[in-house]
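Structural description and commentary
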Amino acid sequence: MAICRIIETGATPEQYDQVRAKLGVNDAPPPGNSLHVAALGDDGKIHVIEVWNSREDADEFGKKVWAIREESGLGGDAPPMTYFDVHKVLQ
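All right, on to the packing of aromatic side chains then. In this structure the tally under the stated criterion is 1 aromatic pair. Taking the centre distance of 5.6 Å and the plane angle of 35° together, the rings of Trp52 and Phe61 count as tilted. Residue class for Trp52 comes out buried when judged on its relative accessible area of 0%. Directly above the aromatic system of Tyr83 lies the positively charged group of Arg55, at a separation of 3.5 Å from the ring centroid.

Here it is as structure tokens:
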């Protein structure tokens, strides 16, 4: 079942772009990801909304992101994430 994941990254736009570049997914979604939106919040930090084919796909990619964040000195506590089962996606 497809899932929606909302992440409060705590990252600045520059940090977000740095992590994406190191992951090698700059403008292309990784396998299993059908939608990725990075939005700038009032706090100046990036908030991400994603749709994944499965929770497993999302979690697997999340492990890669976390490794890059730690390698880049952006580790710390895991950012808050909320998961929802997708009912419908319109584009």
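Right, picking up where we left off after that structure.
All right, on to the layout of surface pockets then. In this model, the largest pocket occupies a volume close to 340 Å³. Along the walls of the largest pocket sit 21 residues, with Ile7, Thr9, Val19, Val65 and Arg69 positioned nearest its centre. Considered class by class, the residues forming the lining of the largest pocket number 13 nonpolar, 4 polar and 4 charged.

On to the environment of Val89. As for its placement among the helices and strands, Val89 is situated in the segment after strand 4 (81-85). Expressed as a C-alpha distance, the spacing of Val89 and Ser34, which sit 55 residues apart in the sequence, is 9.8 Å.

Right, let's get into helix 1 (residues 13-23). For helix 1, the set of buried residues is Tyr16, Val19 and Arg20. All buried residues of helix 1 lie within an arc of 100° about the axis, which places them on one face of the element. Against the buried residues of helix 1 lie strand 2 (33-40), strand 3 (46-52) and helix 2 (55-71). The first or second residue beyond helix 1 is Gly24, which carries a positive phi of 75°.

Basis of the calculations
Residues numbered from 1 in each chain as written. Predicted model: local features only at pLDDT ≥ 70, side-chain atom pairs only at ≥ 80, totals over all residues. Heavy atoms only, no water. Phe/Tyr/Trp six-rings, centres within 6.5 Å; stacked < 30°, edge-to-face > 60°. Buried < 20%, exposed > 50% of the residue type's maximum accessible area, 1.4 Å probe, protein only. Lys NZ or Arg CZ within 6 Å of the ring centre and 35° of its normal. 1 Å grid on protein atoms, 1.4 Å probe; cavity = no way out; pocket = protein on both sides within 12 Å on 5 of 7 lines; lining within 4 Å. Points joined across faces, edges and corners; volume = space filled by probe spheres on them. Nonpolar A, V, L, I, M, F, W, Y, C, P; charged D, E, K, R; others polar. Helix = DSSP H or I, 4+ residues; strand = E, 2+ residues; numbered from the N terminus. Arc of directions from axis to C-beta. Contact = heavy atoms within 4.5 Å.

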